[in-house]
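Chain and residue survey
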Amino acid sequence: MTVNLEVAEGVGTIRLDRPPMNALDVATQDRLKELAEEATRREDVRAVVIYGGERVFAAGADIKEMQAMDHTAMVLRARALQDSFTAVARIPKPVVAAITGYALGGGCELALCADYRIAADNAKLGQPEILLGLIPGAGGTQRLPRLVGPSKAKDLIFTGRQVKADEALAIGLVDRVVPAAEVYEQAHAWAARLAQGPAIALRAAKESVDTGLETDIDTGLAVERNWFAGLFATEDRERGMRSFVEEGPGKAKFQ
């Protein structure tokens, strides 16, 4: 398989495994969607790490495969391409990308689907599609400006240049830079901590933030309000408040 899902301690690791560069061909895209949907369904998966291995996250699409596709073929494929990445973005649980080596093109777009990004100090990210006479087609023109702002996104998309980890951190493309040998360990630790949290409240928080970014503030506030009130029906809310009153903050153990 070109993508695998491994689960331990409530953390599901979606691992890209298509050496040498984890090129995202059609089969890999379809498998990614399948495993994202499985991670969404599984109750033993409470948080997710997206990982490409020690050497590379994902260096982009399979250019040879794409070169053989004409306009009609891509019209038929483009929606499925986007759907595979959207399935990752819509996992209703905390998702962290553990970025090693290159995250270019589709690889960068995949990292954009995560809630949090931890990069190796030698990582390089970018959207080089313009150098092929194309634009990003797996969400890059939409998710990148939402993350770093339109001007910085246009600079990366218009030039196709690669940014090193320090610049990626400075512009908000990644959230933490660590030594290469520690990327997966730290990503897993981030996910494992959240896997112990209140699952429904985390889902509510993620949906409220994501919906709010895509709509007007009144609609966003309505989503927040409904989730906020609804959480008063959960056992986790009862447990969390009882623990706060009896033991002080931060000591609740959630189911």
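The sections below set out a description of the structure shown in this document. (Residues numbered from 1 in each chain as written. Predicted model: local features only at pLDDT ≥ 70, side-chain atom pairs only at ≥ 80, totals over all residues. Heavy atoms only, no water.)

**Digging into the packing of helix α9 (residues 199-213) against helix α10 (residues 217-230)**
Contact geometry of α9 with α10 gives a least axis separation of 8 Å together with a crossing angle of 170°. By the angle between their directions, the pair α9 and α10 is classed as roughly antiparallel. For the pair formed by α9 and α10, the contact residues are Ile 200, Ala 204, Glu 207, Ser 208, Thr 211 and Gly 212 on the first element and Gly 220, Val 223, Glu 224 and Trp 227 on the second. Per-class residue counts for the contact of α9 with α10 are four nonpolar, four polar and two charged. (Axes fitted to C-alpha atoms, helices over the stretch in contact; angles between N-to-C directions. Helix = DSSP H or I, 4+ residues; strand = E, 2+ residues; numbered from the N terminus. Parallel < 35°, antiparallel > 145°, perpendicular 65-115°, else oblique. Contact = heavy atoms within 4.5 Å. Nonpolar A, V, L, I, M, F, W, Y, C, P; charged D, E, K, R; others polar.)

**Quick word on the environment of Gly 160**
Following the sequence through the fold, Gly 160 ends up in the loop between α6 (150-159) and β8 (162-164). Beyond its immediate sequence surroundings of up to four residues, Gly 160 is in contact with Gln 127, Pro 128, Ile 130, Leu 131 and Asp 155.

**Things to note about a nonpolar patch on the surface**
A cluster of nonpolar side chains, Ile 63, Leu 132 and Leu 134, forms an exposed patch at the surface whose accessible area comes to about 250 Å². For Ile 63, the location among the structural elements is in helix α2 (residues 63-67). Residue Ile 63 is classed as partly exposed on the basis of its relative accessible area, which comes to 42%. (Patch = residues over 30% accessible without salt bridge, like charges linked within 9 Å, V, L, I, M, F, W, Y side chains within 5 Å. Areas by Shrake-Rupley, 256 points an atom, 1.4 Å probe, with all protein chains shown as cover. Salt bridge = Lys/Arg side-chain N within 4 Å of Asp/Glu carboxyl O. Buried < 20%, exposed > 50% of the residue type's maximum accessible area, 1.4 Å probe, protein only.)

**Topic: the sheet that holds strand β7 (residues 124-126)**
Within a sheet, adjacent strands bond to each other through the backbone by hydrogen bonds, running parallel or antiparallel. Strands sit in the order β5-β7-β8 across an open sheet of three strands; the sheet is mixed. With partners counted over all chains shown, the strands left at the sheet margins are β5 (102-104) and β8, one partner each. Put simply, the sheet's adjacent strands are angled 20° from each other on average, direction ignored. Of the strand pairs in this sheet, β5 and β7 are connected by three bridges, and their pairing is parallel. (Pairing = 2+ DSSP bridges.)

**Concerning α9**
With 15 residues, α9 extends 21 Å from end C-alpha to end C-alpha; this agrees with the ideal 21 Å at 1.5 Å per step. Regarding α9, the residues found buried are Ala 204, Lys 206 and Ser 208. Along its buried surface, α9 packs onto α3 (71-89), β4 (95-99) and α10. (Expected span 1.5 Å × (residues − 1).)

**Concerning the sheet that holds β4**
Pairing is mixed across the open sheet formed by six strands, whose spatial order is β1-β2-β3-β4-β6-β9. Strand pairing shows two members of the sheet lacking a second neighbour, β1 (3-8) and β9 (176-178), which therefore form its edges. Along the sheet, successive strands turn relative to each other by an average axial angle of 20°, direction set aside. With three bridges joining them, strand β6 (residues 116-120) and β9 adopt parallel strand pairing. Bridged to Ile 118 within β9 is Arg 176.

**Considering the pattern of salt bridges**
Pairs can form between side chains of opposite charge whenever their charged atoms are close. Tallying each qualifying case throughout the model produces 12 salt bridges. Residue Arg 77 is joined to Asp 30 by a salt bridge in which the shortest nitrogen-to-oxygen separation is 2.8 Å. Placement of Arg 77 in helix α3 and of Asp 30 in helix α1 (residues 26-41) is noted, with a sequence separation of 47 residues between them. According to the relative accessible area criterion, Arg 77 is buried, its value standing at 13%. Judged by its relative accessible area of 38%, Asp 30 falls in the partly exposed class.

**A few points about unusual backbone geometry**
With an omega of 0°, the peptide bond running from Pro 19 to Pro 20 counts as cis. Looking at the secondary structure, you find Pro 20 in the loop between β2 (11-16) and α1. Positive phi, close to 55°, is recorded for Glu 9, a residue that is not glycine. Glu 9 sits in the exposed class, given a relative accessible area of 63%. In this model, Asn 22 sits at a positive phi of 55°, which is unusual for a non-glycine residue. Within the secondary structure, Asn 22 sits in the loop between β2 and α1.

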